[in-house]
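For reference, the chains in residue letters:
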Amino acid sequence: MRRFLLLIASSVFLIISACNQEINKIQDVDVQEILVDIKNPKSLKMSQLFDTCFIVPLDNKELVGVVSEVDFDKDQLLILDNKKMLKAYLYNWEGEFIKFLTNVGEGPGEFKWPKDAQLIDEDQVVIYSAGTHKLLFVDQNSGKTKDVFLDSIPMLSDFKFFDNKYYFLRENKSLKNESLLIANRGLQDFKEILIPEKFLSKDLATQYRSTQYDFISPKLDGQGFYFSDVVSPYFLEYRHDSLYQAYHIKFSDREVSYEDIDGGTDRTFLKIVSRENLFYFSNDLFEAGDYIFLYVGEGNSVRTAAYDKRSGKSIYVNEIEDDLTGLFTANALSGNSQSGYYVSAIPAELVNELLENSVEENQYLDLLRKADIKRDDNPVLFIYRFKEDIDLN
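Since the model is a prediction, treat every value here as computed from it, not as a measurement.

**Examining the sheet that holds strand β4 (residues 31–36)**
With mixed pairing, 5 strands are arranged side by side in an open sheet as β4-β24-β23-β22-β21. Of all the strands in the sheet, just β4 and β21 (216–218) have a single pairing partner and so form its edges. Mean inter-strand twist for the sheet, computed between neighbouring axes without regard to direction, equals 25°. In terms of strand pairing, strand β23 (residues 234–239) meets strand β24 (residues 242–251) through 6 bridges, oriented antiparallel. Bridge pairing in β24 places Tyr-234 opposite His-248.

Okay, structure coming up:
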C-alpha cells in the first residue's frame, strides 16, 4: 500500500486514501463490570504507591503560567502551557530552562492552541497545533521544523505517539468521537478502528474539551492502550490495536443515570451531576503495577478508584496522604501521568505556604527549603515514581 504526500517547502499535507487505509470492523466484546463501593471508602498513603519523588522547581528565566502537560526522558522535561502563555518549554532535571520550542502563530514552524506535546525521541518533539490543524515536528538540536497538515482528518479529539506509532481520535460531523486512526512512524500506512457506539459519549464531546484531553492512554506493558470517552460509564482495552475488553464502571449508590441526559436542556450531564451530587466515571485513567487508577466524579469533586486487575475488585479512595514529602493530603490523584510515573505541578505560592506551615523534617522538605521558593516563582513539579509491585491490601 502507498500513501501520497503533497510536499511544499517544509510543509506536508497528509492525504489518506482508500488504497492505504485498512478499516477494522466493529467487534463484539465482553463487558466486565467494575463496582465502586462508595459506602466503604479507604485512605491511602503515597508510600503505598510510590518509591520516590523527584522535585523539580522550574527556574524563573521564562514565565510559565500553567503546567498543562509534561513529558520527559532521562535528560529533559517538555512542559506545555496551553492555558496562559501558550508556549512549549524544555527544562533539564535541575529545573533549568533550556529553550522554547518554536513560536506562537499560524505560519510555517509555528503553532496555535497547542496540545499533546510529546518527545518522540531524544532529538525530536511533536506538537499538535489545534488552531491550524497540523502536527508540528521540531528538531531540538537544529531548531528545524516540519508541518504536517491533517486535511484528511477534519475532526480530531486526541493525538498520541507511543509504541512507535501515531494514534488519532477522529470525530464525525455530529461532533462525537467515532474512530481511531493508527499510523506507522513514517505516516505511510493507516488503520482505522471503528469504536462501538454503545461505548461512546452520551453528549457532545466538544462541550468537555477544557477538562478532557486524554481519551487514549497507553498500556504499561506496551502492548496496546485504553480508550475512554466523555460522558460514558465505559472504558475499552485494546491489545495490539484490536478491541479486547470493555469495562463498565458502576457505583453502589448515587449513580448518575445516563438515560436522563438530554443535551441542550437543563438535563445536560454536568448540570445533573452537579445539581444532584451524583457519582460517575470521570473518563480518565492510568495504569500502574497490577492496578488501573480511575478518575471518579462526585458532583463537582474528583475522587479516585483503584481497580485490581488480578482480583477484579476495586477500592474507593477518599483520601491520599503524601507521607513521602509530608506536604499534601488530597482526595484524588489528579495530575499528569506517564508510564510508571505520576506528575503533579503545584503553584509556587501554595508550596511556599505549605512549607511555612510545616514543622516536619525529611529529605524532600530539606530540598524545597534550600530551593528558597518565592510566592511568585514558577510552578514546582513533583514527579512520583510508581513501585513495581503495588499492594493496596
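**Thoughts on the pattern of salt bridges**
Counted by the stated rule, this structure contains 27 salt bridges. For Arg-254, the salt bridge identified is with Glu-298, shortest N-O distance 2.9 Å. With Arg-254 in the loop between β24 and α2 (269–276) and Glu-298 in strand β26 (residues 291–298), this pair connects stretches of sequence that are 44 residues apart. The class of Arg-254 is partly exposed, set by a relative accessible area of 33%. Among the salt bridges present, the one from Arg-369 reaches Glu-361, with a minimum N-O distance of 3.7 Å. Shared partners join several salt bridges into a network, and the residues in it are Lys-115, Asp-116, Asp-158, Lys-160 and Asp-214.

**Considerations on the packing of aromatic side chains**
The full count for this structure, using the stated rule, is 36 aromatic pairs. Between Phe-162 and Tyr-167, the aromatic rings sit 4.2 Å apart at their centres with planes inclined by 5°, giving stacked as the arrangement. Both residues of the pair, Phe-162 and Tyr-167, count as buried. Ring geometry for Phe-279 versus Tyr-316: centroids 5.8 Å apart, planes at 80°, classification edge-to-face. Taken together, the positions of Phe-279 in strand β25 (residues 279–288) and Tyr-316 in strand β28 (residues 314–321) put the pair 37 residues apart, joining distant regions of the chain. By relative accessible area, Tyr-316 is classed as buried at 5%. Through successive ring pairs, a cluster of aromatic residues spans Phe-50, Phe-286, Tyr-291, Phe-293, Tyr-295, Tyr-342, Tyr-384 and Phe-386. Geometry around Phe-137 places Lys-146 over its ring, the cationic atom sitting 5.5 Å from the centre. Just above the ring of Tyr-244 sits the side chain of Arg-239; from NZ or CZ to the centre is 3.6 Å.

**So, the pairing of strand β9 (residues 87–92)**
Within a regular strand, side chains alternate between the sheet's two faces. Most of β9 sits inside the fold, with 5 of its 6 residues counted as buried. Bridging between strand β8 (residues 76–81) and β9 involves 6 bridges; their strand directions are antiparallel. Residue pairing in the sheet places Leu-80 in a bridge with Ala-88 of β9. The loop that links β8 with its antiparallel partner β9 comprises 5 residues; one of these, Leu-86, has a positive phi angle of about 55°. The pairing of β9 with strand β10 (residues 97–100) spans 3 bridges and is classified as antiparallel. Following the sheet pairing, Leu-90 is matched in β10 by Lys-99. Hairpin connection from β9 to β10: 4 residues lie between these consecutive antiparallel strands, with Gly-95 at a positive phi of about 85°.

**Quick look at the environment of Ser-47**
Among the structural elements, Ser-47 can be located in helix α1 (residues 46–49). Separated by 174 residues in sequence, Ser-47 and Asp-221 place their C-alpha atoms 23 Å apart. What Ser-47 contacts, discounting residues up to four positions off in sequence, is Asp-323, Leu-324 and Lys-387.

**Description of the sheet that holds strand β32 (residues 380–386)**
What the 4 strands build is an open sheet, ordered β6-β32-β31-β30; its pairing is antiparallel. Single-partner strands in this sheet number two, and they are β6 (50–57) and β30 (336–338). Across the sheet, the mean angle from the axis of one strand to that of its neighbour is 20°, orientation sign disregarded. Across 7 bridges, the pairing between β6 and β32 is antiparallel. Counterpart to Ile-55 in the pairing with β32 is Phe-382.

**A look at unusual backbone geometry**
The phi torsion at His-133 lies on the positive side, around 50°, for a residue other than glycine. One can find His-133 in the loop between β14 (124–129) and β15 (134–139). Residue His-133 is classed as buried on the basis of its relative accessible area, which comes to 16%. Unusually for a residue other than glycine, Val-231 sits at a positive phi of about 50°.

**Here we look at the nonpolar core**
The biggest cluster of nonpolar side chains holds 34 residues, and the ones touching the most others in it are Phe-293, Leu-368, Phe-382, Tyr-384, Phe-386 and Leu-392. Broken down by element, this core gets its largest block of residues, 4 residues, from β32. Not counting the four nearest positions on each side in its chain, Phe-382 is found in contact with Cys-53, Phe-54, Ile-55, Thr-325, Leu-327, Phe-328, Tyr-342, Val-343, Ser-344, Ile-346, Val-351 and Leu-368.

**As for the side chain of Thr-325**
Structurally, the position occupied by Thr-325 is in the loop between β28 and β29 (329–330). Since its relative accessible area comes to 0%, Thr-325 is described here as buried. Engagement of the side chain of Thr-325 in a polar contact is seen with the backbone nitrogen of Leu-327, the distance being 3.3 Å. Those residues in contact with Thr-325 that lie beyond four places of it in its chain are Cys-53, Asn-362, Tyr-364, Leu-365, Phe-382 and Tyr-384.

Cut-offs and rules
Residues numbered from 1 in each chain as written. Predicted model: local features only at pLDDT ≥ 70, side-chain atom pairs only at ≥ 80, totals over all residues. Heavy atoms only, no water. Pairing = 2+ DSSP bridges. Helix = DSSP H or I, 4+ residues; strand = E, 2+ residues; numbered from the N terminus. Axes fitted to C-alpha atoms, helices over the stretch in contact; angles between N-to-C directions. Salt bridge = Lys/Arg side-chain N within 4 Å of Asp/Glu carboxyl O. Buried < 20%, exposed > 50% of the residue type's maximum accessible area, 1.4 Å probe, protein only. Phe/Tyr/Trp six-rings, centres within 6.5 Å; stacked < 30°, edge-to-face > 60°. Lys NZ or Arg CZ within 6 Å of the ring centre and 35° of its normal. Contact = heavy atoms within 4.5 Å. Core = buried A, V, L, I, M, F, W, Y, C linked by side-chain atoms within 4.5 Å. Polar contact = N/O pair within 3.5 Å; in protein donor to acceptor, adjacent residues only side chain to side chain.

On their own, these measurements won't tell you what the molecule is for.
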